[in-house]
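# A look at the structure
Here is what each chain is made of, one letter per residue.
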Amino acid sequence: MTTDDDAQSPSPTGAAPAEPAVTEPAVTEPAVTEPAVTEPAVTEPATTAAPVKARRLPVTDVSLVVLIGTSGAGKSSFARKHFLPTQVISSDFCRGLVADDENDQSASAEAFDVLHYIVGKRLAAGRLTVVDATNVQSEARKQLVRIARDHDVLPIAIVLDVPPGVCAERNRSRPDRQLPAHVVPRQHRELRRSVRGLEREGFRKVHVLRGEAEVEAAEIVPEKRFNDLRHLTGPFDIVGDIHGCRSELETLLTRLGYALARDDAGRPVDAVHPEGRTAVFVGDLVDRGPDTPGVLRLVMGMVAAGHAVCVPGNHENKLGRAMDGKKVTVSHGLQESLDQLAGESEEFRAEVRAFMRGLVSHYLLDGGALVVCHAGLPEKYHGRASGRVRSHALYGDTTGETDEYGLPVRYPWAEEYRGKALVVYGHTPVPVASFLNNTICLDTGCVFGGSLTALRYPERELVSVGAEQEWYAPVRPMSTDAPGSREGRPLDLADVAGRRVVETALHGRIAVREENAAAALEVMSRFAIDPRLLAYLPPTMAPSATSRRPGYLEHPEEAFFAYREDGVRQVICEEKHMGSRAVVLVARDDTALEKRFGLAGPGAIWTRTGRAFLGDDCLTAAVLGRLRAAAERSGLFDELRTGWLLLDAELMPWSLKATELLRRQYAAVGAAARAALPQVLTALEQAAGRGLDLSALTARQRQRAADAQAFTEAYRRYCWPTEGLSGIRLAPFQVLAAEGANLAVRPHDEHLAWIDGLVDADHAAEPQAPVLHRTGRLLVDTGDETSVAAAVAWWEELTGAGGEGMVVKPLASLARGKAGEGRPGGLIQPGVKVRGREYLRIIYGPDYTEYLDQLRQRFLGHKRSLALREYALGLEALDRLAAGEPLWRVHEPVFAVLALESEPVDPRL
């Protein structure tokens, strides 16, 4: 047998028990020789014979099961009895697919092409797959074994060795199938010749059922793979390469909170954490260091007691083979281990050999969210079982080159990793452990004088102890260019191209159409700021339900009613500023962003589409400087324990960003009305003077002139001249994130209190020329008529003075609706905008009030759906940013927000 692991369930200690693959004694009978046509006599057991004991057939949960038997052996009946219909791929069914006739043997080649394709797709998805075909010929089986190997799953053979006479009789009783007399005996001879060689062909398990009784009594026993420890959810302390540094391991475990247990000689033999944490060792326990036996004694004791699990490193693999007497090259510290173990008892050395034989290449933990191995593992190998997977887990992959020290150059698989699971590994020494694309290397070169490092999971905290000395001189210096010590490629086209589905914690799976992704790619690649800084894009905002009040399209009462119906009693109304949405990333100093974002500088200000808000870098730096100073004076950096802040804000005036839009769209309308309507009115007055009755038409034109004047006054309120910082106003209304924290889910009153501190600090420093602007607000109880009436009056005051309106938000920020409302995750609108009558002239046109009945037919469903999806994506990006996930993971939901913005929706909503 090979040493490939993962064939069955792990033992309680996390080590795989040794077990032969064949579940019955090897077949020793000679091959049956018989004439091509003559059937042998069928020997059936007497009816009084004792019942056959049930055979339990272990079948690994992710594997390829190949049924082998002659036509009529009962393979299809066996498959229907023991497996799900979707798990069974039948050659007869595939023949029917391509020829409309399951018995059309002329279609067999095409049918098996289809069968092999379906099998490959199922195995790629990690599905148990059963092939129902005769499979008595070695060439047919060879193709199936190759497909299993291509997908790194275990091929399992189940042989139904039923007497040919029984099979022939069964075939004769089938009206849809009449086989020539020689077929069944020939197939049976091929089956008998094949049985003894199935293991050599590559089948990891071979179950042979002889006779009808054994077939009928068989029982399929599903078994987990050795590497499947998904039921263990931690918390874990994952320890990097130890290499015989027993003293440093004791110190590290003590620092992690473990209590060491010692034997009568004072040697550590176990370690227990009072909070039930489990230690996980990534391999390379042995070689080079001063006390390999001591490390093994402690780790083996912890594993045996259920306090730890361990995967093998390449050094365990080599030491184990050497201890088993196999020929190996003694190098890289192996001799030190052999010499140290020579001083131990034979009993201890036998325990070491058994321990190393039972180690499994890698483990899936915490529901599959965590993968631990020695040298790293791409996602396609997670949970798979083959020699290729084991080799990568122990040694990694190489480019085929060697460096100046004669050592192989490792392929940087972690730079391309895009998997959902966190992969923790060792093998390649790095000066400092750091996350790279949801992977982390914990080998920090303890034996070379570096440190011994552990990762607390799920906390993602690193704990290290320094080496007591340099125990072994490294052949190659630890390089800062090693995997895990630098950020990989920031983005890859494959991360964003084509149709995408983004998993969000709040709204489930959100799909992005291919054409929308293409539009977003154009914007982001040509116009967006440096992608390393683009950690968030704000969502669109839905308007309140359409009002039925005379003269109004939007009114606050609809917003309050909707939130009350959703069960939200407390909402906060925030003044809607006369500017443009801006996201601001500000650094405490010019180096604060480098650790998290990989780019030094003061920060950035960008629009809803990711473009730089201000084209002038000096002006951007000046605005950021004022915000930085205010955050420093107010103590917000210290309060949030962060070197940077990400804020949602409005930057005013509107004309600062929308000058061209104002000139081309709004000013042009106002200018045309002012030029044309006075002449129209003059002409009408002259005609009336000649006795024509034009009173109705004249009144209509006078109203149009008044509407045009109101339209001009409305947009002019949002425009004023600026020079440098003079005239610029920044109105933050939410602190989105800080180092290690998604703050967007905190209540809105907390955000406004932080921002009030910023505004006060800025005004105190520059009372004559403040930049930061306060956001007016009012707390409302949606179930209290007096409170609602006060809010309506406040809105009327704001809009009557020329203000845009207000935004109504749940005070708790993140709110969910009542159960059973059909909303994914129960998520409700994070805010609705209620715009004033005069502001809506800018949106719908100068005389929109004359067409309110038509405008009230506007459809809000798509806009509301878009707002919820973009909101969930934005929070997902902030969650990933706070968790320290790699840039591509943060960009996935950010890019999706930008892509959704190209969905067709009425821009006036």
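Note: the structure precedes this text.
Quick caveat, the model's predicted, so the values are computed rather than measured. Note on numbering: residues in each chain are counted from 1, in written sequence order. Only residues with pLDDT of at least 70 are given local features in this predicted model, and only at 80 or more are side-chain atom pairs given and counted; all residues enter the totals for whole chains, interfaces and linings. Calculation of side-chain values draws on the structure's entire complement of heavy atoms; hydrogens and water are dropped beforehand.

Moving on, we come to the nonpolar core. Counting residues in each nonpolar core, the largest one holds 47 residues, and the members touching the most others are Trp606 and Leu646. Note on conventions: DSSP H or I runs of at least 4 residues are helices, E runs of at least 2 residues are strands, and numbering of each starts at the N terminus. Looking at this core, the elements with two or more residues in it are β24 (508-512), α16 (514-526), β27 (580-587), β28 (603-606), β29 (644-652), β30 (729-738), α27 (861-882) and α28 (887-900). Top contributing element to this core by residue count: α27, with nine residues. In this structure leucine 646 touches Tyr536, Val583, Val584, Leu585, Trp606, Gln734, Val735, Leu736, Ala737, Leu878 and Leu881, once residues within four positions along its chain are discounted. Residues belong to one nonpolar core when they are buried, are Ala, Val, Leu, Ile, Met, Phe, Trp, Tyr or Cys, and are joined through side-chain atoms within 4.5 Å. Each residue is placed in one exposure class: buried if its accessible area under a 1.4 Å probe, protein chains only, is under 20% of its type's maximum, exposed if it is over 50%, and partly exposed if it falls in between. Among the nonpolar cores identified, the runner-up in size contains 40 residues, and Tyr258, Leu285, Val328 and Cys446 belong to it. Note on definitions: a residue-residue contact is assigned when non-hydrogen atoms from the two residues lie within 4.5 Å.

This part takes up the sheet that holds strand β22 (residues 461-466). Strands qualify as paired when DSSP identifies two bridges or more between them. Pairing within the open sheet is mixed, and its five strands lie in the order β13-β12-β9-β21-β22. Among the strands making up the open sheet, the edge pair consists of β13 (308-310) and β22. Adjacent strand axes in the sheet meet at a mean angle of 20 degrees when their direction is disregarded. Note on geometry: axes are lines fitted to C-alpha atoms, helical ones only across the stretch in contact, with angles between N-to-C directions running from 0 to 180 degrees.

This part takes up the packing of helix α10 (residues 292-304) against helix α12 (residues 334-342). At a closest axis distance of 8 Å, the pairing of α10 and α12 adopts a crossing angle of 75 degrees. Taken together, the axis directions place α10 and α12 in an arrangement best described as roughly perpendicular. Of α12, the residues touching α10 (which contributes Thr292, Pro293 and Leu296) are Ser337, Gln340 and Leu341. Following the grouping adopted for this structure description, the nonpolar residues are Ala, Val, Leu, Ile, Met, Phe, Trp, Tyr, Cys and Pro, the charged ones are Asp, Glu, Lys and Arg, and the polar ones are all others, Gly among them. Of the residues in the contact of α10 with α12, the class split is three nonpolar, three polar and no charged. When an angle is under 35 degrees it counts as roughly parallel; over 145 it counts as roughly antiparallel; between 65 and 115 it counts as roughly perpendicular; any other value is oblique.

Below, the discussion takes up the environment of leucine 798. Checked against the element boundaries, leucine 798 lands in helix α24 (residues 785-800). As for leucine 798 and glycine 836, which are separated by 38 residues in sequence, their C-alpha atoms are 8.4 Å apart. With sequence-adjacent residues up to four places away left out, leucine 798 is seen in contact with Glu575, Gly803 and Gly805.

Moving on to the side chain of histidine 392. Residue placement: histidine 392 occurs in helix α14 (residues 387-395). Once you skip the residues sitting within four places of it in the chain, histidine 392 turns out to touch Ala375, Gly376, Leu377, Pro378, Tyr381, Asp397 and Trp413.

Read from one edge to the other, the open sheet built from five strands follows the order β25-β34-β33-β26-β32, with strand pairing classed as mixed. The strands lining the two open edges of the sheet, one partner per strand, are β25 (542-543) and β32 (777-781). Direction of pairing for strand β26 (residues 570-576) relative to β32: antiparallel, over a ladder of five bridges. The residue bridging cysteine 573 from the neighbouring strand is leucine 778, located in β32. Docked against the sheet, helix α17 (residues 556-565) engages β26, β32, β33 (805-810) and β34 (832-835), running at close to 5 degrees with respect to β33. Strands in contact with helix α23 (residues 748-765) are β26, β32 and β33; relative to β26, the strand with the most contacts, it is inclined by about 40 degrees.

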